[in-house]
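If you want the building blocks of each chain, they are given just below.
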Amino acid sequence: MSMTSPHGESREESSLRKETLRRRTFAIISHPDAGKTTITEKLLLYAGCLDVAGMVRGRRNQRAVTSDWMELERKRGISVTSTVLSFEYQGFHINLLDTPGHEDFSEDTYRTLMAADCAVMVLDVTKGVEPQTKKLFKVCVQRKIPIITFVNKLDRPGGDPIGVLGEIEQVLGIGASPLNWPIGEGADFRGLCDRRSRVATVFQPDTTASLMVPSESVPLDDAESSLLTQEERESLQRDLDLLDHAGEPFTRERFLEGTVTPVFFGSALTNYGIEAFLEAFLDLCPSPDMRQEDIRARTEFSGFVFKLQANMDPRHHDQVAFLRVCSGIFTRDMDVTNARTGKKLRLARSHRLFARDRETTDVAYPGDIIGLGHTGDLRLGDTLYVGTPIHFASMPRFELECFARVMCNDTLRRKQFDRGLTQLTQEGAVEVLLNARSTQREPILAAVGRLQFDVVQARLQTEYGVETQLAPLDYHIAREVKGTLRDVEALQLPYSAMVTTAHDGRVIILFKSQWDFDYCKKGNTSVEFVTP
Ligand code: G4P
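Residues numbered from 1 in each chain as written. Predicted model: local features only at pLDDT ≥ 70, side-chain atom pairs only at ≥ 80, totals over all residues. Heavy atoms only, no water.

**Observations concerning the overall build of the chain**
So the rule is basically this: Each helix corresponds to a stretch of at least 4 residues labelled H or I by DSSP, and each strand to a stretch of at least 2 residues labelled E; elements are numbered beginning at the N terminus. Each residue's exposure class comes from its accessible area (1.4 Å probe, protein chains only) as a fraction of the maximum for that residue type: buried when under 20%, exposed when over 50%, partly exposed otherwise. Residues are treated as being in contact if the distance between any of their heavy atoms lies within 4.5 Å. Areas reported as accessible are Shrake-Rupley estimates using a 1.4 Å probe. Residue values count occlusion only from the protein chains shown.
Helix and strand counts for the chain stand at 14 helices and 29 strands. For the chain, with 532 residues in total, the buried portion stands at 56%. Pairs at least 24 residues apart make up 69% of the contacts formed inside the chain by residues separated by at least 6 positions. As displayed, the chain offers around 24100 Å² of accessible surface, 49% of which is attributable to carbon and sulfur atoms.

Here it is, written out as structure tokens:
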């Protein structure tokens, strides 16, 4: 007999509804150095997940933020892999998807953004919209993800808040509507004025670097208060009036449909504006059911795999599949169907993740990210479901533009080398190709960016104990041939093109230039060339 609530819902339906409503699943996008790591750390501090303020300071040499864990990341001081940070704050369950900042990992970032309901775009007020932000922004637009903007580093001289708003609108083509406004700039940056309530908050300079910055608030029109100088009050009134008349109006509907981004100002380093931003964010960020109309009414479990990662724990050569729950309740040991293969599988090993730390998860709700262990059968983009069949759109792929032959230095470790390459291919970290017209067994790595090669080499060494050498190849375009084997054999190819096969048997041809490819396409109209 199932228990029912006063609304006529079963206990399970009621907990599904409540838990879905309190989920916030988002990613932060930014150009390197805009302050993503600092903001992540501050959010974790507010949520009580980290207890040492400033633990990431000085990370140029020793990068120790919780989400950065790979050897290579530490060496280079860049965030390479995406991880998920889950934490509770004021009754909300927050899932923060960490995206790699480096452009060579745009594919990884794209996949991660597939799992987000909202993105926070962090801009440096002195630099405005930078190239990497532009790329990531485009991905959000393609995915129709609503974007909340945080303009950081207001404590730095040389910032131009109005200029940044103009840049967001012109360069990114989205309306920018500030929800707060800075009081002073650079060394004179003292606080923020909430635009809707017109209440000004002034912070006390914090010498102890503690989290809760003391502050005082006053309505802007309170002429008696000495909190603001006459000049500050007038300047604020002028700016706010100007924004009211000429600025982009903000509505929740326009934000959710992606035509306007709410903008917040602040300084992550000094904690000015972070708490208010977090509160506003929790209110604005849609819960998992708000954007996915097709599954809003679905109560049966479904989810998709957006990332595979081998060797998260170097002591065990395991592979973790990151699954975003889309509908229903996930319970450990449940039997699900893989929409790609039609096969049933039992999800026995499930973890909730906090960067590298894992704990076993028995239950998860829409918006949650869980790590599934021992998942040899799972591939990127796989949909898992219970009950009525459902199939989520497959993962889009980026162009492979970098190619290199990879050689195993020690032939005695060939087995480990092959296993490492197979796992890294399954993860989507790199594509491994073999020259179809040569007896040479050296595989060819194909990647979106060169840095992916370094990651593969570093991981082969640390995770599989295999030293490798790379010989870059002068190819720049890869196309998969759709046709029979006979079609492929009959192709008229430029002398310099190379026919290769991928691990799953697809035939992929490498070209040295666009001209070579165009020439080949013209001469072989019976086959179709697609981006692999
Ligand atoms: P990222 O993850 O987006 O790459 O940026 P990150 O947080 O690492 O910040 C890049 C640099 O900017 C860091 O300085 C950081 O301290 C600084 N920063 C972040 N937010 C603010 C801010 O609000 N105001 C100011 N003035 N600086 C800020 P760094 O010198 O590169 O590193 P560190 O020695 O401080 O660790």
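Next comes the rest of the description.
**Here's the deal with the nonpolar core**
Selection criterion: Buried Ala, Val, Leu, Ile, Met, Phe, Trp, Tyr and Cys residues that are joined via side-chain atoms within 4.5 Å together make up what is termed a nonpolar core. Segmentation of the chain into domains, including their bounds, is taken from an automatic or database domain assignment.
Of all hydrophobic cores here, the largest spans 57 residues; its most connected members are Leu97, Ile168 and Phe265. Structurally, this core is a two-domain feature, drawing no fewer than three residues from each of domain 1 (18-184 + 247-290) and domain 2 (293-386). Residues contacting Ile168, with those up to four places away along its chain left out, are Leu123, Val129, Thr149, Gly173, Ile174, Ala176, Thr261 and Val263. Counting residues in each nonpolar core, the second largest holds 32 residues, with Phe150, Phe255, Ile274 and Ala280 among its members.

**A look at the sheet that holds strand β28 (residues 507-511)**
Note on sheets: strands pair through backbone hydrogen bonds, and any given pair is parallel or antiparallel. Defined as follows: When DSSP locates at least two bridges between a pair of strands, those strands are taken to pair. For helices, the axis comes from a line fit to the C-alpha atoms of the stretch in contact; other axes are also lines fit to C-alpha atoms, and the angle between any two N-to-C directions lies between 0 and 180 degrees.
In space, the eight strands of this open sheet follow the order β25-β22-β24-β23-β27-β28-β26-β29, with antiparallel pairing throughout. Every other strand in the sheet has two partners, leaving β25 (468-473) and β29 (528-530) as the edge strands with one partner each. Each adjacent strand pair in this sheet contributes to an overall mean axis angle of 40°, direction not counted. Pairing of strand β23 (residues 431-435) with strand β27 (residues 498-502), which is carried by three bridges, proceeds in the antiparallel orientation. Across the sheet, Leu433 pairs through a bridge with Ala502, a residue of β27. Helix α11 (residues 414-427) contacts β22 (402-408), β23, β24 (444-447) and β25 of the sheet and is inclined by roughly 155° relative to β22.

**Observations concerning the pattern of salt bridges**
Note on pairing: side chains with opposite charge can pair once their charged atoms come close. Using the following cut-off: Every case where a carboxyl oxygen of Asp or Glu lies within 4 Å of a side-chain nitrogen of Lys or Arg is listed as a salt bridge.
Taken as a whole and judged by the stated rule, the model has 21 salt bridges. For the salt bridge of Glu19 with Arg23, the shortest nitrogen-to-oxygen distance reads 2.5 Å. Here Glu19 falls in the buried class, since its relative accessible area comes to 19%. With its nearest N and O atoms 3.7 Å apart, the salt bridge here joins Arg506 to Glu480. Residue Arg506 is located in the loop between β27 and β28, and its partner Glu480 is located in strand β26 (residues 477-482); the two are separated by 26 residues in the primary sequence.

**Here's the deal with the pairing of strand β20 (residues 369-373)**
The element β20 is largely enclosed, with a buried count of five among its five residues. Residue alternation in β20 divides its side chains into two sets, Ile369, Gly371 and Gly373 and Ile370 and Leu372, and both sets are buried. Bridge count between strand β13 (residues 319-327) and β20: five bridges; the pairing is antiparallel. Paired with Val320 across the two strands is Gly373, which belongs to β20.

**Details of empty space enclosed by the protein**
Which entries qualify depends on this criterion: Think of a 1 Å grid over the protein atoms and nothing else: a 1.4 Å probe that fits but is trapped marks a cavity, an open set flanked by protein within 12 Å on at least five of seven lines marks a pocket, and residues with an atom within 4 Å of a point count as lining. Grid points are joined across faces, edges and corners, and a volume is the space filled by probe spheres set on the points. Gly falls in the polar group here, along with every residue not listed as nonpolar (Ala, Val, Leu, Ile, Met, Phe, Trp, Tyr, Cys, Pro) or charged (Asp, Glu, Lys, Arg).
Taken as a whole and assessed by the stated rule, the structure comprises three cavities of 30 Å³ or more. Counted as a void, the second largest cavity has a volume near 40 Å³. Around the second largest cavity sit Asn338, Thr341, Lys343, Lys344, Leu345 and Asp377, which together line it. Broken down by class, the residue content of the lining of the second largest cavity amounts to one nonpolar, two polar and three charged.

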